[in-house]
Amino acid sequence: MSDTWSLGELTLQSRVLLGTARYPNRQTLLDALDASTTQLVTVSLRRVAVDATQENLYEALRERGMHLLPNTAGCFTADDAIRTAQLAREALGTPLIKVEVIADHETLLPDGEQLLLACEELVKDGFVVLPYTNDDPVLARKLEQVGCAAVMPLAAPIGTGLGIRNPHNLELIRQSVRAPLIVDAGLGTASDVAQAFELGMDGVLLNTAVARADDPVRMARAVGLAAQAGREAFLAGRVPPKRYAEASSPTQGVPWRKPGA
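Please read all numbers here as calculations on a predicted model, not as lab measurements. (Residues numbered from 1 in each chain as written. Predicted model: local features only at pLDDT ≥ 70, side-chain atom pairs only at ≥ 80, totals over all residues. Heavy atoms only, no water.)

Once that is clear, we can look at the side chain of Thr38. With respect to the helices and strands, the residue Thr38 is situated in the loop between helix H1 (26–36) and strand S4 (40–44). The class of Thr38 is buried, set by a relative accessible area of 6%. Not counting residues within four places of it along the chain, the set of residues in contact with Thr38 comprises Ser14, Val16, Leu17, Leu18, Leu33 and Met66. (Helix = DSSP H or I, 4+ residues; strand = E, 2+ residues; numbered from the N terminus. Buried < 20%, exposed > 50% of the residue type's maximum accessible area, 1.4 Å probe, protein only. Contact = heavy atoms within 4.5 Å.)

Printed below as a string of structure tokens:
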């Protein structure tokens, strides 16, 4: 495929990113990743030990040709996120980092102020920064301005599967942010994925929607197909919506009678 995209120096063909948590077992995880055609998977340094005595998940992913995107899940301050990112770079040897700074345990929504502070410092430290953020056009612009390689606005709160709650805000973000946009959190099924791409997003990141599906491997395959369909539809350009009907059949030469005649 010629429709590639880039995150820092990494060039990708697949526009689907998947998480690695909450799957029923390891083999289902690996099969789902293969079925989705993903090339970039997110992993939490705080939740999977890199020196585990069991078969190392990170190495298994790399052997399948997948790139790792460590994240700072579980961090509630900029300082914690920065330290976690530095540990991830040291342990996994990648400058890529998905930055999460959460405001509270109840909503798991991003803390915009702390997120911006963390991202600014990590960019200065040479990281390729991908921040998970609210669907806030103003904050998205600020994250791009401090040098983030992409911006990752949520569709809905983490793990809810509610789909895109505010497509208008995502459209506003797309209009003002030139960096790649990846919809992250809250997507529930393949149609949500297609909608994200139809709105002009460059990628999607899912975890719960795939991992907790009745058939994770089949859902992963559906997500991959939906990403292709949504991207193709966006590139094709949809017909503009209209308020009134417009006949699709030609009317030239058709005998007409006035209404009531």
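So that's the structure; there's more coming.
A separate point is the packing of helix H7 (residues 190–198) against helix H9 (residues 216–236). Relative to each other, H7 and H9 sit at 25°, their axes nearing to 7 Å. Judged by the angle between their axes, H7 and H9 are roughly parallel. Where H7 crosses over H9, the two elements pack in a sense that is right-handed. Between H7 and H9, the residues in contact are Ala190, Val193, Ala194, Phe197 and Glu198 and Met219, Ala222, Val223, Ala226, Ala227, Gly230, Arg231, Ala233 and Phe234, respectively. (Axes fitted to C-alpha atoms, helices over the stretch in contact; angles between N-to-C directions. Parallel < 35°, antiparallel > 145°, perpendicular 65-115°, else oblique. Left-handed = near helix turned anticlockwise from the far one by under 90°.)

Let's shift gears to the state of the cysteines. Joining two cysteines, a disulfide is a covalent bond between their sulfur atoms. This structure, assessed with the given rule, holds 0 disulfides. Not part of a disulfide, Cys75 finds its nearest cysteine sulfur in Cys119, a span of 12 Å. Of all cysteine sulfurs, the one in Cys148 lies closest to Cys119, which takes part in no disulfide; the gap is 4.1 Å. (Disulfide = S-S within 2.5 Å.)

Next up on the list: the environment of Leu116. Mapped onto the elements, Leu116 comes out in helix H4 (residues 112–124). Sequence-wise, Leu116 and Thr20 are 96 residues apart; in three dimensions their C-alpha atoms are separated by 26 Å. Excluding residues that lie within four positions of it along the chain, Leu116 makes contacts with Lys142, Leu143 and Val146.

The complete set of buried residues in H7 reads Ala190, Asp192, Val193, Ala194, Ala196 and Phe197. Residues of H7 that are buried sit in contact with strand S9 (182–184), strand S10 (203–206) and H9.

Another point: the pattern of salt bridges. According to the stated counting rule, one finds 11 salt bridges in the structure shown. Two residues, Arg231 and Asp3, come together in a salt bridge whose shortest N-O distance is 2.8 Å. Within this pair, whereas Arg231 is found in helix H9, its partner Asp3 is found in the segment before strand S1 (5–7), the two being separated by 228 residues in sequence. Each member of the pair, Arg231 together with Asp3, is buried. Linking Lys124 and Glu121 is a salt bridge whose minimum nitrogen-to-oxygen distance equals 3.9 Å. (Salt bridge = Lys/Arg side-chain N within 4 Å of Asp/Glu carboxyl O.)

Here the focus is the packing of H4 against helix H5 (residues 137–145). For any two helices packed against each other, one specifies the crossing angle of their axes together with the interaxial distance. Close contact between H4 and H5 brings their axes to 10 Å; oriented N to C, the two are set at 15°. By the angle between their axes, H4 is roughly parallel relative to H5. Classified by chirality, the crossing of H5 by H4 is right-handed. Side by side, H4 and H5 meet where Gly112, Leu115, Leu116 and Cys119 of the first sit next to Leu139, Lys142 and Leu143 of the second. Residue classes in the contact of H4 with H5 are distributed as 5 nonpolar, 1 polar and 1 charged. (Nonpolar A, V, L, I, M, F, W, Y, C, P; charged D, E, K, R; others polar.)

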